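Overview (structure and organization)
Residues per chain are reported as follows:
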Amino acid sequence: MAESTKSAKLTIDGKDFELPVYSPTAGPDVLDIRKLYGEAGVFTYDPGFTSTASCDSTITFIDGGQGVLLHRGYPIDQLASKSHYLEVCYLLLYGELPSAKELEQFESHITHHTMLHEQMQNFFRGFRRDAHPMAVMVGVVGAMSAFYHDSTDINDPQQREIASHRLIAKMPTIASWAYKYSIGQPFVYPRNDLDYSSNFLRMCFAVPAEDYEVNPILSRAMDRIFTLHADHEQNASTSTVRLASSSGANPFACIAAGIACLWGPAHGGANQACLEMLKEIGTPDRIPEYIARAKDKDDPFRLMGFGHRVYKNFDPRATVMKQSADEVLDLLGVENNPILATAKELEKAALADPYFADKKLFPNVDFYSGIILEAMGFPTSMFTPIFAVARTVGWISQWKEQLSDPHHKIGRPRQLYLGETQRNYVDIENR
Ligand code: SDX
């Protein structure tokens, strides 16, 4: 925990209260209000936590004004171009880039945990074929706590380590099997001779009837998408995982809670919603109509893939994702993809419109990822499951960090109560 180097004074009803102020290694100072209720008898009020730090962390730093995203101090654009997803997983989990030997051992651990307990296939078959894959992932990941009892004791560091490896390793298998089940094709087992992203693409697109060769450019693009979605400070789903973990819930239950939260269209579901919006717009000539709707206060429509709670300049991940989109579509010979054309025109039109510029609404990570995933052959329903696969390492890293804090306690916010004060029950004959 940072040392308090200064304090802030708060005056309430003529009485002064000193609040310790902590200075971070990067970002804004924080006021420590932990004793405020005890000393001043008041709560703070911050629905949506726009100005509230829920924890201290050393994993990821975001500067929304400068469009900066650091994982353990390394900029996301350098990691996306020079590293690969499993190395970023190691960095997020352990705090440093691995040596060649450490990386080899880590990748071997992950590779040898990719299979699912055979009996878990029954969970998939309990769903309707048209179930959303996110429903399947919430269910199957939660069910892992019923199969892997030897890694549910959160107080045992060894079990925490095994649970971390199992979750990172098995998420691609679970996501790909949810996809296979939805299209009535047989499950494809992971292969130990393939890297993480190639394994995932093969489990999604291979069929028993013929060999499947992974295109190295597509697996590189898949790996980059995983890397760009790996962690993002205290976003909604990560905060959900931390809150679930604060009650002592097992790691599989905590990650299932994170998946459930990520599903929402305002969060991880935005990549699916964004592509569906681009398809609904259809052609660039219809963009003005949708821009007008997004600006209309009486219309709940928002431009999916635009805006961000923290980034008020640009999302550095969107910049990298845009480069990948051009590469993948060029490779697939669909650089004339009408959806990409509409996306680029929409981005241009929105950024030229004072409404979006004034409100700092720029394309976020979800704006281009959906275009790449669609070009790779994924249905829109698989976009958020892929986000969940990538974000599992971020959730797990933040979960481990919270558990390693000896002072962590159950999360239990208070409220501003505006309901009825106490009143007596009225018998039904008197109502
Ligand atoms: C992710 O937190 C994270 O880090 C998330 C994430 C991660 O990696 O974990 O980065 C991943 O979730 C990215 C965001 C994906 N969501 C979308 O693309 C959905 C569309 N975006 C919006 O729903 C919205 O921008 C949010 C939810 C992302 C952010 O909302 P905020 O910061 O709470 O802002 P707000 O809702 O208070 O909006 C501020 C103003 C409002 O207008 P006023 O009431 O001030 O007049 O901007 C407007 C909003 O109406 N606005 C939009 C808009 N987003 C905000 N108007 C049109 N289109 C939009 N997309």
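Scroll up a little and you will see the structure.
Since the structure is predicted, the reported quantities are computational estimates derived from the model, not experimental observations.

With respect to the overall build of the chain
- Scanning the chain from N- to C-terminus turns up 18 helices and 6 strands.
- The C-alpha atoms of the chain give 23 Å as radius of gyration, which agrees with the globular expectation for 431 residues (22 Å, within 12%).
- By the burial criterion, 46% of the 431 residues in the chain qualify as buried.
- Intrachain contacts of the chain at a sequence separation of at least 6 include 68% that bridge at least 24 residues.
- For the chain, the exposed area adds up to about 21400 Å²; of that, 53% sits on carbon and sulfur atoms.
- Where the 41 positive side-chain charges of the chain centre and where its 53 negative ones centre are 3 Å apart.

Observations regarding the sheet that holds strand β3 (residues 30-31)
- Across the sheet, which stays open at both edges, the 3 strands sit in the order β1-β2-β3 with antiparallel pairing between neighbours. The sheet terminates laterally at β1 (4-12) and β3, the two strands that pair on one side only.
- With 2 bridges connecting them, strand β2 (residues 15-22) and β3 associate as antiparallel partners. Bridge assignment links V21 to a residue of β3, and that residue is L31.

Brief notes about the state of the cysteines
- Following the criterion strictly, the structure yields 0 disulfides and no others.
- Cysteine C204 is unpaired, with the sulfur of C89 as its nearest cysteine sulfur at 17 Å.
- In this structure C274 is a free cysteine whose sulfur lies 19 Å from that of C261, the closest cysteine sulfur available.
- For C274, a relative accessible area of 1% gives the class buried.

Some points on the pairing of strand β4 (residues 60-63)
- Of the two faces of β4, the one lined by T60 and I62 is fully buried and the one lined by F61 and D63 carries no buried residue.
- Pairing between β4 and strand β5 (residues 68-71): 4 bridges, direction antiparallel. Within β5, the position partnered with D63 by the bridge is V68.

A word on unusual backbone geometry
- In this structure, D13 takes a positive phi of about 50° despite not being glycine.
- Inspection of the secondary structure puts D13 in the loop between β1 and β2.
- Among the residues examined, D13 registers a relative accessible area of 83% and is labelled exposed.

Overview of the environment of L36
- One can find L36 in helix α1 (residues 36-40).
- When the C-alpha atoms of L36 and Q398 are compared, they prove to be 27 Å apart, with 362 residues separating the residues in sequence.
- Setting aside its immediate chain neighbours within four residues, L36 contacts L10, L19, G41, V42 and T44.

Here we look at the site of the ligand
- Near the ligand lie 25 residues; those nearest to it are H232, L303, H308, R317 and R391.
- Here an oxygen atom of the ligand sits 2.9 Å away from a polar atom, N or O, in the side chain of R309.
- Measuring from a nitrogen atom of the ligand, one finds a side-chain N or O atom of Y355 at 3.5 Å.
- The class makeup of the residues in the shell around the ligand is 10 nonpolar, 7 polar and 8 charged.

Considerations on the packing of helix α4 (residues 100-111) against helix α7 (residues 157-182)
- One way to put it is that α4 packs onto α7 with a least axis distance of 8 Å and a crossing angle of 65°. Here α4 lies roughly perpendicular to α7, going by the angle between them. Of the residues in α7, those in contact with F106, H109 and I110 of α4 are H165, I168 and A169.
- Of the residues belonging to the contact of α4 with α7, the class tally is 4 nonpolar, 2 polar and no charged.

Here we look at a nonpolar patch on the surface
- A contiguous nonpolar patch, built from I217, L331, L332 and V334 and spanning about 260 Å² of accessible area, is present on the exposed surface.
- Structurally, L331 can be placed in helix α14 (residues 316-331).

Quick look at the environment of A249
- Checked against the element boundaries, A249 lands in the loop between α10 (236-246) and α11 (251-262).
- Aside from chain neighbours lying at most four places away, what touches A249 is I154, A244 and C254.

Focus on the packing of aromatic side chains
- A full pass over the atoms with the stated rule returns 22 aromatic pairs.
- Ring centres of F124 and W177 lie 5.9 Å apart, and the angle between their planes is 65°; this geometry places the pair in the edge-to-face category. One end of the pair, F124, is in helix α5 (residues 121-125); the other, W177, is in helix α7, with 53 residues separating them in the sequence.
- Assessed through its relative accessible area of 0%, W177 is described here as buried.
- In this structure, R414 is placed above the aromatic ring of Y37, and the distance from its NZ or CZ to the ring centre is 5.8 Å.

Focus: the nonpolar core
- Within the largest apolar cluster, 108 residues are counted, with the highest numbers of intra-cluster contacts made by F124, M222, L303, L346 and F378.
- Once residues lying within four places of it in the same chain are set aside, the contact partners of F124 are L116, V136, V140, I174, W177, A178, Y181 and F187.

Re the environment of A169
- Mapped onto the fold, A169 is located in helix α7.
- Discounting residues that sit within four places of it in the chain, A169 has contacts with I110, H113 and T114.

Looking at the pairing of β1
- As paired strands, β1 and β2 are joined by 8 bridges and run antiparallel to one another. Across the sheet, the residue bridging to T11 is D16, located in β2.
- A loop of 2 residues connects β1 with β2, the two strands running antiparallel in sequence, and D13 in this loop sits at a positive phi of about 50°.

Quick look at helix α9 (residues 216-228)
- For α9, built from 13 residues, the straight-helix expectation of 18 Å at 1.5 Å per residue is met to within 8% by its first-to-last C-alpha distance of 18 Å.
- Counted residue by residue, α9 has 10 buried out of 13 residues, so it is predominantly covered.
- All buried positions along α9 are accounted for by L218, S219, A221, M222, D223, R224, I225, F226, T227 and L228.
- Where α9 is buried, its residues contact α2 (76-82), α3 (85-94), α8 (196-205), α14, α17 (365-375) and α18 (383-403).

About the cut-offs
Residues numbered from 1 in each chain as written. Predicted model: local features only at pLDDT ≥ 70, side-chain atom pairs only at ≥ 80, totals over all residues. Heavy atoms only, no water. Helix = DSSP H or I, 4+ residues; strand = E, 2+ residues; numbered from the N terminus. Rg over C-alpha atoms; globule rule 2.2 N^0.38 Å. Buried < 20%, exposed > 50% of the residue type's maximum accessible area, 1.4 Å probe, protein only. Contact = heavy atoms within 4.5 Å. Areas by Shrake-Rupley, 256 points an atom, 1.4 Å probe, with all protein chains shown as cover. Lys, Arg positive; Asp, Glu negative; His and termini not counted. Charge placed at Lys NZ, Arg CZ, Asp CG, Glu CD. Pairing = 2+ DSSP bridges. Disulfide = S-S within 2.5 Å. Near = heavy atom within 4 Å. Polar contact = N/O pair within 3.5 Å; in protein donor to acceptor, adjacent residues only side chain to side chain. Nonpolar A, V, L, I, M, F, W, Y, C, P; charged D, E, K, R; others polar. Axes fitted to C-alpha atoms, helices over the stretch in contact; angles between N-to-C directions. Parallel < 35°, antiparallel > 145°, perpendicular 65-115°, else oblique. Patch = residues over 30% accessible without salt bridge, like charges linked within 9 Å, V, L, I, M, F, W, Y side chains within 5 Å. Salt bridge = Lys/Arg side-chain N within 4 Å of Asp/Glu carboxyl O. Phe/Tyr/Trp six-rings, centres within 6.5 Å; stacked < 30°, edge-to-face > 60°. Lys NZ or Arg CZ within 6 Å of the ring centre and 35° of its normal. Core = buried A, V, L, I, M, F, W, Y, C linked by side-chain atoms within 4.5 Å. Expected span 1.5 Å × (residues − 1).

What is shown is where atoms sit, not what they do.
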